[in-house]
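# Architecture at a glance
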Amino acid sequence: MKNTKSIAVGAVMLCSVFTASVASAATTLESVKEKGHLQCGVTTGLPGFSQPDDKGNWTGIDVDTCRAVAAAVFGDPKAVQFTPLTAKERFTALQSGEIDMLSRNTTWTLTRDASLGLNFAGVNYYDGQGFLVKKDLGVDEASQLSGATICIQAGTTTELNLADYFRAKGMDFKPLVFDTSEQTVQGFASGRCDVLTSDRSQLAALRSKLAEPDSAKILPETISKEPLGPVVRQGDDQWFNIVKWVLSVQINAEELGVSSSNVDDMLKSDNPNIQRLLGTDGDMGAKLGLPDDFGYAIVKGVGNYGEMYNRNVGPDTPLGLDRGLNALWTEGGIMYAPPVR
Amino acid sequence: MTESEVQRPKKALAPVKWIRSNLFSSWYNTLLTVVIGYLVLTSIAPLMNWLFLEATFTGAEPSDCAGEGACWLFINQRLNFFIYGFYPDDLQWRVDAMFILLAVAFVPQFIEGFPARKWLGIFGLTGLPVIGFFMIPGGLFGLEPVESSKWGGLMLTLILAYIGIIASLPIGTLLALGRRSEMPVIRGLSVVFIEVWRAVPLITVLFMASVMLPLFLPEGMSFEKLARALIGITLWQSAYMAEVIRGGLQAIPRGQYEAASALGLGYWKKMGLVILPQALTMVIPGIVNTFISLFKDTTLVLIIGLFDILGTVQSTVTDPAWQNVAVEGYVFVAFCFWVFCFGISRYSQNLERKLDTGHKT
């Protein structure tokens, strides 16, 4: 009896030591400032989102989201280090504190938001799953795909979406599962399947890998919603707000016509919205624990949302994606950010 | 042997005779020779065409790769990334210096009679890792620090394999001795260690080190992913090494142990001077075999997001600016691995010949 008591007391003491150390642990913003750089989790190589270029620099829209946060905190978009993560590792790396934020082509779902101890800080790309088909199949819409053999990459939500879609439509299909996207394209190119399915943002790139890209086309249907965005740990609302508002500032900047090329002129603007955005008026930064000109630093260093989009995935890049859903709400898309005021 | 047989002009006839007796000795051998010869001849020409004759080696743009052959331009342009990963350009001389030291230490091992060969080899196993420990990460002696998340490519592959190899040999030796020890606690611990680590696949070890371990550590305490992977690889490799060396220990005749004891040698002297030199020489092929397999197994770090040479290639072959360059990428990786593994294998054969202790029959 005595023994169990002392064990219990010991356990309680041990626990209190741990909680004490957790309580005294610095906030994410403090620890980022102390390190002098932001540690950001990205993919191990996904065109347009995060991929090393031929100089070994990370490029992509997810990468630029990290750089924007670094610009907001340090005024320097280069004060960021990237941790390439596989799909399996990504949440653990964030939970364990190995990275400060995750910007890794991650779909915002209820399960992930509610049960992993994570918070999604917004959407930097609205994606959805689509189909690539051989033209000589004579298929114009997805409802004609009954009985088709479909190439998929293993272990992705793509697989589940596909099954859901076909079951809901009462059609059947034959899945042909590959390990990497490279193999999936090869399977499609060599005729082992009639259809290839993947996120729409990747379909154009996969199509361009075919020997004759014109022999295949992308079907108009989108069968799933894939809102992709940056993720932070739960329990640090200040950091959550920072990441959320960095993205909002970029979207607002595009809406207000502020870009990296005209941002210095815009500092003299009379528009109160722009003054608040760039920190010439008010103390928006201080409320987040950031310098007041954090908006200026983001737009100057990384650009507004439109620039970030066009540079990485836009019509002039090899991915060649139209803005579509990712256009501003004023231009027919759904990119809408709460006001900076 | 008669006089006429000895004097027969062997040189002229030997190839013809060899061909006749080995390739065309019977009708089915003749058939096989013809069929295989045909396959080889028809495949060599297109292969050479693809590899060299029609391949693109230089250029500036992805569109320069218009020919039918391989697009080595892709490898050419990314070579820096494939070798150094994200290591900053202006600091790459530090990695180059390590490559040169590595070559200085080990290339002479292939050259018979090279002066101070033995000392260079010893330097490669002891001094080199110490220098590398200061050179690659930096941070001391005024060298700018480079975080391990920026290491990559061939350099990372070599670091993983090299540290795994030189750390596992002593640990493995101790474990092997421990397993044959007469002290039950030490023997028990060694057996448990070896059997646990040897029974799990490396991929599980890496995955645990990368994904599970950080969750068990107290908050705020984390050590780098590369360090976790290296510890995992070393412990796993040590267990294998221990079993190979135990094989050598058991093959030493009992008389050797008894003779050493009879000379009044203590345990460590007996092992260090008499038993281990013989045992290790005997199992060189086994040791090298595990080295080579470790060298290739390092590519598994891909699943924990470390960019070894295969990782760097795989992350860039999907670049939409290039047409299909996956095959070129993988051929390049295979070639790199072949060069190193073949080197290790030749070196071990060299060593075996030199250390031949007369146990062979």
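Residues numbered from 1 in each chain as written. Chains lettered and ligands numbered in written order. Predicted model: local features only at pLDDT ≥ 70, side-chain atom pairs only at ≥ 80, totals over all residues.

### Some remarks on the overall build of chain A
The secondary structure content of chain A amounts to 14 helices and 14 strands. By principal-axis analysis of the C-alpha atoms, chain A measures approximately 75 × 70 × 40 Å. Classification of the 341 residues of chain A by burial places 47% in the buried group. (Helix = DSSP H or I, 4+ residues; strand = E, 2+ residues; numbered from the N terminus. Buried ≥ 20, exposed ≤ 12 C-beta atoms within 10 Å, placed from the backbone.)

### Observations regarding the overall build of chain B
When you go through chain B residue by residue, the secondary structure sums to 16 helices and 0 strands. Relative to the 2.2 N^0.38 estimate, which gives 21 Å for 361 residues, the radius of gyration of chain B is 26 Å and therefore markedly larger than a compact globule would have. Over its C-alpha atoms, taken along the principal directions, chain B stretches across nearly 75 × 65 × 40 Å. Residue burial in chain B is summarised as follows: out of 361 residues, 29% are buried. Long-range pairs, those at least 24 residues apart, make up 65% of the contacts in chain B with a sequence separation of at least 6. (Rg over C-alpha atoms; globule rule 2.2 N^0.38 Å. Contact = placed C-beta atoms within 7 Å.)

### Observations concerning the domain arrangement of chain A
Annotation of chain A at the domain level lists domain 1 (28-126 + 227-331) and domain 2 (129-224). Once you take the C-alpha centre of each, domain 1 of chain A and domain 2 of chain A turn out to be 31 Å apart. (Domains from an automatic or database assignment.)

### Section: the domain arrangement of chain B
Split into domains, chain B comes out as domain 1 (3-53) and domain 2 (80-87 + 146-354). The distance between the C-alpha centroids of domain 1 of chain B and domain 2 of chain B comes to 41 Å.

### Comments concerning the nonpolar core
Counting residues in hydrophobic clusters, the biggest one holds 91 residues, and the most contacted among them are Val69, Ala72, Val243, Val246 and Ile298 of chain A. Formed jointly, this core draws a minimum of three residues from each of two domains, domain 1 (28-126 + 227-331) and domain 2 (129-224) of chain A. Not counting residues up to four positions away in its chain, the partners in contact with Val69 of chain A are Leu38, Met101, Ile242, Val243 and Val246 of chain A. Among the nonpolar cores identified, the runner-up in size contains 63 residues, and Leu73, Tyr84, Val95 and Leu226 of chain B belong to it. (Core = buried A, V, L, I, M, F, W, Y, C linked by C-beta atoms within 7 Å.)

### Structural notes on the packing of helix H8 (residues 153-179) of chain B against helix H14 (residues 284-297) of chain B
Residues and elements named next belong to chain B. Orientation of H8 relative to H14, taken along the N-to-C sense of each, is 150°, at an axis distance of 9 Å. As summarised for this structure, H8 and H14 are arranged roughly antiparallel, according to the angle between their axes. At the point where H8 passes H14, the crossing takes the right-handed sense. Side by side, H8 and H14 meet where Ala161, Gly164 and Ile165 of the first sit next to Phe291, Leu294 and Phe295 of the second. In the contact of H8 with H14, the residues fall into 5 nonpolar, 1 polar and no charged. (Axes fitted to C-alpha atoms, helices over the stretch in contact; angles between N-to-C directions. Parallel < 35°, antiparallel > 145°, perpendicular 65-115°, else oblique. Left-handed = near helix turned anticlockwise from the far one by under 90°. Nonpolar A, V, L, I, M, F, W, Y, C, P; charged D, E, K, R; others polar.)

### Some thoughts on unusual backbone geometry
All names here are of chain A. The backbone phi angle of Asn105 is positive, close to 50°, even though this residue is not glycine. Its location among the elements puts Asn105 in the loop between strand S5 (101-102) and helix H5 (110-115). When the 25 C-beta atoms within 10 Å are taken as the criterion, Asn105 is described as buried.

### What to know about the packing of helix H3 (residues 61-74) of chain A against helix H13 (residues 294-301) of chain A
Residues and elements named next belong to chain A. Contact pair H3 / H13: the axes reach a minimum separation of 8 Å and the direction vectors enclose 140°. Here H3 is positioned oblique relative to H13, judged by the angle of their axes. Seen from above, H3 lies across H13 with right-handed handedness. The segment H3 lies against H13, with Arg67, Ala68, Ala71 and Ala72 engaging Phe294, Ala297, Ile298 and Gly301. Classifying every residue of the contact of H3 with H13 gives 6 nonpolar, 1 polar and 1 charged.

### Concerning the pairing of strand S1 (residues 38-42) of chain A
All names here are of chain A. Most of S1 is tucked away: 5 of the 5 residues are buried. A two-sided burial pattern is seen for S1, the buried positions comprising Leu38, Cys40 and Val42 on one face and Gln39 and Gly41 on the other. Both S1 and strand S4 (residues 80-84) contribute to a ladder of 5 bridges, which runs parallel. If you follow Cys40 over to S4, its bridge partner there is Phe82. Sheet topology note: the S1/S5 ladder contains 2 bridges and is parallel. Bridge pairing links Gly41 to Leu102 in S5. (Pairing = 2+ DSSP bridges.)

### Quick look at the interface of chain B and chain A
At the interface, 32 residues of chain B touch 30 residues of chain A. Those elements giving two or more residues to the side of chain B that touches chain A turn out to be helix H4 (72-84), helix H10 (202-216) and helix H15 (309-316) of chain B. A class-by-class count of the residues in the side of chain B that touches chain A yields 13 nonpolar, 15 polar and 4 charged.

### Details of the sheet that holds strand S11 (residues 195-199) of chain A
Residue and element names in this part refer to chain A. Taken in spatial order, the 5 strands line up as S10-S9-S11-S8-S12 in an open sheet, and their pairing is mixed. Edge positions in the open sheet fall to strand S10 (174-178) and strand S12 (216-218), since each of these has one partner strand only. Each neighbouring strand pair of the sheet contributes to a mean axis angle of 30°, computed without reference to strand direction. In this sheet, S11 lies alongside strand S8 (residues 129-134) in antiparallel orientation, the contact comprising 5 bridges. Counted as the bridge partner of Val133 is Val195 from S11. In the packing of helix H6 (residues 157-169) onto the sheet, contacts are made with S8, strand S9 (149-153) and S11, and the angle to S9 comes to roughly 150°.

### With respect to the pairing of S11 of chain A
All names here are of chain A. Among the 5 residues in S11, 5 count as buried, and that is most of the element. Strand direction decides the pairing type here: S9 and S11, joined by 2 bridges, are parallel. Paired with Ile150 across the strands is Val195, a residue of S11.

### A word on the environment of Ala205 of chain A
Tracing the chain through its elements places Ala205 of chain A in helix H8 (residues 200-208). Residues Ala205 of chain A and Pro318 of chain A, spaced 113 residues apart in sequence, show a C-alpha to C-alpha distance of 6.9 Å. Ignoring sequence-local partners within four residues, the contact set of Ala205 of chain A consists of Pro47, Pro318 and Leu319 of chain A together with Pro320 of chain B.

### Examining the environment of Glu254 of chain A
Residue and element names in this part refer to chain A. With respect to the secondary-structure elements, Glu254 resides in helix H9 (residues 237-255). For Glu254, a count of 24 C-beta atoms within 10 Å gives the class buried. Placed 52 residues apart in sequence, Glu254 and Gly306 show a C-alpha to C-alpha distance of 6.1 Å. Among all residues touching Glu254, those that are not within four sequence positions of it are Asn304, Tyr305, Gly306 and Leu328.

### Quick word on the confidence of the model for chain B
Residues and elements named next belong to chain B. Scored by pLDDT, chain B has a mean of 85; 93% of the residues are at 70 or more. Element-level mean pLDDT values for chain B span from 52 in helix H1 (residues 3-7) up to 93 in helix H9 (residues 184-198). Reported confidence for the predicted complex is 0.76 by ipTM and 0.82 by pTM. (pLDDT = per-residue confidence, 0-100.)

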